[in-house]
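Descriptive structure summary
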Amino acid sequence: MNDDAAPSKAEQVRLYLETLQARMDPEQFRVLRHLVSRSLTVLAAPDGEGHLDLDDEDKVHLTPEVTNELLVVLAIAATGTMEHHVVDLGDGAATVMDADAASDPEAVQEMRDWAAQRRSEREHTDAVLRGIADASNT
């Protein structure tokens, strides 16, 4: 297939969303569409400002499946390809990797180690900030 005939990123996203709509719970799909729309708006904003607020009713439908599919849709929008895999990083975190990286145990472990290090750093920073806040309240 030559480059002129390749589907655009938008077309790839549209095709993927159509397949999701056929297999996802309608309420979950509605929340996913909202998040995709808001995410693309935020990413396209020149200042990068925006937010992905969900009301309480929608939060009920924000399952790990919805979150994982959002990651895949955004990866398709960024790359124009559908060759992505969601990889569990532990502690409820996930990332999207291309098919080659996702099938490489060393690359996956490296990503998991990196995520664990970031979590550890965040936990340490949070503990220091809590200590400062507790000390300043006395």
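Look up: the structure comes first, before these words.
Here the structure is a predicted model, which is why all the values come from computation and not from measurement.

Moving on to helix α4 (residues 64-79). For an α-helix, the turn length of 3.6 residues means that residues three or four places apart are oriented alike. In this model α4 runs 22 Å from its N-terminal to its C-terminal C-alpha over 16 residues, within 8% of the 22 Å that 1.5 Å per residue would give. Along α4, the residues classified as buried are V66, E69, L70, V72, V73, A75 and I76. Contacts from the buried residues of α4 go to α1 (9-23), α2 (26-44), β1 (84-90) and β2 (93-98). Positioned one or two residues after α4, G80 has a phi angle of 80 degrees, which is positive.

Glancing now at a nonpolar patch on the surface. A contiguous nonpolar patch, built from V128, L129 and I132 and spanning about 270 Å² of accessible area, is present on the exposed surface. Here V128 shows up in helix α6 (residues 105-136). In this structure V128 comes out as partly exposed when scored by relative accessible area, which is 39%.

Moving on: the nonpolar core. Counting 16 residues, the largest nonpolar core has L17, L20, L32 and V73 as the members making the most contacts within it. Counting only elements with at least two residues in this core, the list comes to α1, α2 and α4. If sequence neighbours within four positions are ignored, V73 has contacts with V13, Y16, L17, L20 and V36. Of all hydrophobic cores here, the second largest spans five residues; its members include V87, L89, V108 and A115.

Position of D58 among the secondary structure elements: in helix α3 (residues 56-59). In contact with D58, other than residues within four places in its own chain, are R30 and V31.

So, on to unusual backbone geometry. At D91, a position not held by glycine, the phi torsion is positive, near 55 degrees. Take D91: it is sitting in the loop between β1 and β2.

Right, let's get into the side chain of S39. Tracing the sequence through the fold places S39 in helix α2. When neighbours within four sequence positions are excluded, S39 is seen to be in contact with L52, L70 and L74.

For side chains of opposite charge, pairing can occur when their charged atoms come near one another. Counted under the stated rule, the structure contains eight salt bridges. The shortest N-O distance in the salt bridge between R23 and E69 comes to 2.8 Å. Placement of the pair is R23 in helix α1 and E69 in helix α4, with a sequence separation of 46 residues. The partner of R119 in a salt bridge is D91, and the shortest N-O contact between them spans 2.9 Å. On the criterion of sequence distance, the pair formed by R119 in helix α6 and D91 in the loop between β1 and β2 is long-range, its members being 28 residues apart. Several salt bridges converge on common partners, so that one network encompasses E11, R14 and E18.

Parameters and conventions
Residues numbered from 1 in each chain as written. Predicted model: local features only at pLDDT ≥ 70, side-chain atom pairs only at ≥ 80, totals over all residues. Heavy atoms only, no water. Helix = DSSP H or I, 4+ residues; strand = E, 2+ residues; numbered from the N terminus. Expected span 1.5 Å × (residues − 1). Buried < 20%, exposed > 50% of the residue type's maximum accessible area, 1.4 Å probe, protein only. Contact = heavy atoms within 4.5 Å. Patch = residues over 30% accessible without salt bridge, like charges linked within 9 Å, V, L, I, M, F, W, Y side chains within 5 Å. Areas by Shrake-Rupley, 256 points an atom, 1.4 Å probe, with all protein chains shown as cover. Salt bridge = Lys/Arg side-chain N within 4 Å of Asp/Glu carboxyl O. Core = buried A, V, L, I, M, F, W, Y, C linked by side-chain atoms within 4.5 Å.

Limitation: the analysis is restricted to geometry and does not speak to function.
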